[in-house]
Amino acid sequence: MRCLLPLLLLLVAASVAKAADFAARFDDLVRTATPRQLYALLYDLPKGGDLHNHAGGSDRPEWMFEILTDPARNGGDAFYTRARFGPETEPAARYRLIRRRTYEQLAPAARAGYVPLADLSPAERIAWANAFRLDAPGEGRDEFFNVIWPRRGDLSQNLDARLELLVVNLQAFAAEGLAYLETQFGLDGLVTPDGRALTPAEAAPLIERRLAQPDVVATGVVVRFQDTVIRFRPDAEARLSEIYAFVAAHRDRWVGINMAGIESDPRGRPLRFLSTLRRLRAQHPTLSLSFHAGEMDGADSHVRDTLLLGASRLGHAVNLIKDPDTLLLLQQQQRVLVEINLISNRLLGYVPDLTQHPFPEYLRTGVPVCLNTDDRGMWDSNLTDEYFTAVTTYRLSWPEVVQLGRNSLARAFVQPEVKAKLLAAYETRIAAFEQKYGAGSPTISDALGKVEKVKPVTYGYAKRTWGLEFR
Ligand SMILES: [Zn+2]
């Protein structure tokens, strides 16, 4: 080992020197590239992990339509949507999804409001799809939490459809260079098309079977799940106990627990769960916790309280900036990573003007951070949009960009041996990227010529926000 050490140090020094060489080229590229070219460059950027991802919120309505109208991909089910409604119909009931079994149990008058998803006219289909994303001025927090999520209705019960949607997500993420997805994929309330309840323990092997299929393996994306407790529900302590035991018994695929649900609801305050978590910790070996915390407008003690719950990752932590003592603690300890969700924070109005977001302050004062998509289906966006936002708004340097991806893998809850492989592969991919657009491209125009060959996939957010659209 002693004789290898100098060699190892040389290798690390060489890679640091190479990264330094590329840093100037990256700055030049950001300065010279058109927005379209910069987007393509960042689409081609090797990404690490998406650590803050809600499986349901990641489903694009176009993918939902394809899968929910195809019995071969949804376990032989059929889906209907409330496409006939008047001004008196609650917003959350409009375009709500139900499955065949629910439809058949409705009274004839109620049935009249529903249309088989497959029978929507082209105009209705567009209106239906738009009902599942924040795409119009004025749509924000209320639309997201109280309207769009409830509209998913019976979709959450159908495991086959949800798995197919996950696979499409994995394919799209793979195309933009993601290596690891740690998605919040709960198993509450699963019901087969013929009405039989599916327990989480029954569902787990079905999930493994689907994720072992060649189309998933071909993506190369490593996928792990977190289970999620909705924090404001009356039975949240009991649910937390059940989920804790389930995750503890299924650690290969489930690597952590999350706590979600609108944080301003006082019924979901963090300290409500302190005694339950302490009891559970006394009963099970360590489980990793990533809790939503500090996704709030004003100052409060939620981030600090969530640290006391034992979380090693925090979702959002937007108001951490308003709690100097806790911010200092996180800067000093560097034990806890903040999962940043820029587009989410903008669209839900927690930080409407992203130039005011605390992300650069966290990043540049020693708080570990990474970029994530949160609910990319509902934002109509992708992970490249997050990087494009960060690079253009905060003038990220190349070492900062690389550190974001490295952090996302280093702080992933995945098993240590898998993490080591992911980290090693990330360094290799980053070196290849530096070679491609740096040493391998003698001039900036050589590098931009390579950028032109990248074929990004963009969605509505990029078009609406930056006028960027790739076909
Ligand atoms: Zn979230």
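Residues numbered from 1 in each chain as written. Predicted model: local features only at pLDDT ≥ 70, side-chain atom pairs only at ≥ 80, totals over all residues. Heavy atoms only, no water.

Overview of the overall build of the protein chain
Within the protein chain, the secondary structure is distributed over 22 helices and 13 strands. Computed over the C-alpha atoms, the radius of gyration of the protein chain is 23 Å, within 12% of the 23 Å expected from 2.2 N^0.38 for a compact globule of 471 residues. Judged by the C-alpha coordinates and their principal axes, the protein chain covers about 75 × 55 × 45 Å. Burial analysis of the protein chain (471 residues in total) assigns 54% to the buried set. Of the contacts made within the protein chain by residues no fewer than 6 positions apart, 75% connect residues no fewer than 24 positions apart. For the protein chain, the exposed surface amounts to about 19700 Å²; the carbon and sulfur share of it is 57%. (Helix = DSSP H or I, 4+ residues; strand = E, 2+ residues; numbered from the N terminus. Rg over C-alpha atoms; globule rule 2.2 N^0.38 Å. Buried < 20%, exposed > 50% of the residue type's maximum accessible area, 1.4 Å probe, protein only. Contact = heavy atoms within 4.5 Å. Areas by Shrake-Rupley, 256 points an atom, 1.4 Å probe, with all protein chains shown as cover.)

Examining the coordination of the zinc ion
Around a metal, the ideal angle is 109.5 degrees if four donors adopt a tetrahedral arrangement and 90 or 180 degrees if six donors adopt an octahedral arrangement. The protein atoms that coordinate the zinc ion are His-52 (NE2), His-54 (NE2), His-292 (NE2) and Asp-374 (OD), at distances spanning 2.1 to 2.5 Å. In primary sequence terms, the donor set of the zinc ion follows H-x1-H-x237-H-x81-D. By relative accessible area, His-52 is classed as buried at 0%. With relative accessibility at 12%, the residue His-54 sits in the buried group. (Donors = N, O, S within 2.8 Å, 3.2 Å for Na, K, Ca; no water.)

Some details on the packing of helix α19 (residues 398-410) against helix α20 (residues 416-439)
Taken N-terminus to C-terminus, the directions of α19 and α20 make an angle of 160 degrees; their axes are 9 Å apart at the nearest point. One element, α19, and the other, α20, form an angle in the roughly antiparallel class. Note on packing geometry: the crossing formed by α19 with α20 is right-handed. Contacts from Trp-398, Val-401, Val-402, Gly-405, Arg-406, Leu-409 and Ala-410 in α19 reach Lys-419, Leu-422, Leu-423, Tyr-426, Glu-427, Ile-430, Phe-433 and Glu-434 in α20. Partitioning the contact of α19 with α20 into residue classes produces 10 nonpolar, 1 polar and 4 charged. (Axes fitted to C-alpha atoms, helices over the stretch in contact; angles between N-to-C directions. Parallel < 35°, antiparallel > 145°, perpendicular 65-115°, else oblique. Left-handed = near helix turned anticlockwise from the far one by under 90°. Nonpolar A, V, L, I, M, F, W, Y, C, P; charged D, E, K, R; others polar.)

So, the packing of aromatic side chains
Under the criterion given, the structure shown has 21 aromatic pairs. When the centroid spacing of 4.7 Å and the interplanar angle of 65 degrees are considered together, the rings of Phe-388 and Trp-466 count as edge-to-face. Of this pair, Phe-388 sits in helix α18 (residues 383-394) while Trp-466 sits in helix α22 (residues 460-466), and the two are 78 residues apart along the sequence. Among the aromatic residues, ring-to-ring pairing joins Phe-22, Phe-26, Trp-398, Phe-433 and Tyr-437 into one connected group. Taking NZ or CZ as reference, Arg-111 lies 5.2 Å from the ring centre of Tyr-103, over its face. (Phe/Tyr/Trp six-rings, centres within 6.5 Å; stacked < 30°, edge-to-face > 60°. Lys NZ or Arg CZ within 6 Å of the ring centre and 35° of its normal.)

Examining the sheet that holds strand β3 (residues 97-99)
Spatially, β3-β2-β4 is the arrangement adopted by the 3 strands of the open sheet, whose pairing is antiparallel. Both edges of this open sheet fall to β3 and β4 (114-116), since each of them pairs with a single strand only. Geometrically, the sheet is characterised by an average inter-axis angle of 35 degrees between neighbouring strands, direction not taken into account. In terms of strand pairing, strand β2 (residues 79-82) meets β3 through 3 bridges, oriented antiparallel. Among the inter-strand pairings, Phe-79 is bridged to a residue of β3, identified as Arg-99. (Pairing = 2+ DSSP bridges.)

Topic: the domain arrangement of the protein chain
Here the protein chain is described as being made up of domain 1 (43-59 + 158-427) and domain 2 (61-151). A straight line from the C-alpha centre of domain 1 to that of domain 2 covers 27 Å. Each partner contributes to the interface: domain 1 provides 30 residues, whereas domain 2 provides 22 residues. Surface buried jointly by domain 1 and domain 2 totals about 2300 Å² across both partners, of which 65% is contributed by carbon and sulfur atoms. Ranking the residues of domain 1 by area buried against domain 2 places Pro-193, Leu-348 and Met-378 at the top, with a combined share of 28%. Summed over the shared surface of domain 1 and domain 2, the result is 2 salt bridges. A salt bridge links Arg-133 to Asp-380; the shortest N-O distance between them is 3.8 Å. Joining domain 1 to domain 2, the criterion identifies 7 residue pairs in polar contact (both at pLDDT 80 or more). (Domains from an automatic or database assignment. Buried area = accessible area lost by both parts, 1.4 Å probe. Salt bridge = Lys/Arg side-chain N within 4 Å of Asp/Glu carboxyl O. Polar contact = N/O pair within 3.5 Å; in protein donor to acceptor, adjacent residues only side chain to side chain.)

Digging into helix α6 (residues 122-130)
Of all the positions in α6, only Glu-124, Trp-128 and Ala-129 are classed as buried. For α6, the angular spread of buried residues about the axis comes to 135 degrees, placing them on one side. Structural note: α6 exposes Pro-122, Ala-123 and Ile-126 on the side pointing more than 90 degrees away from its buried face. (Arc of directions from axis to C-beta.)

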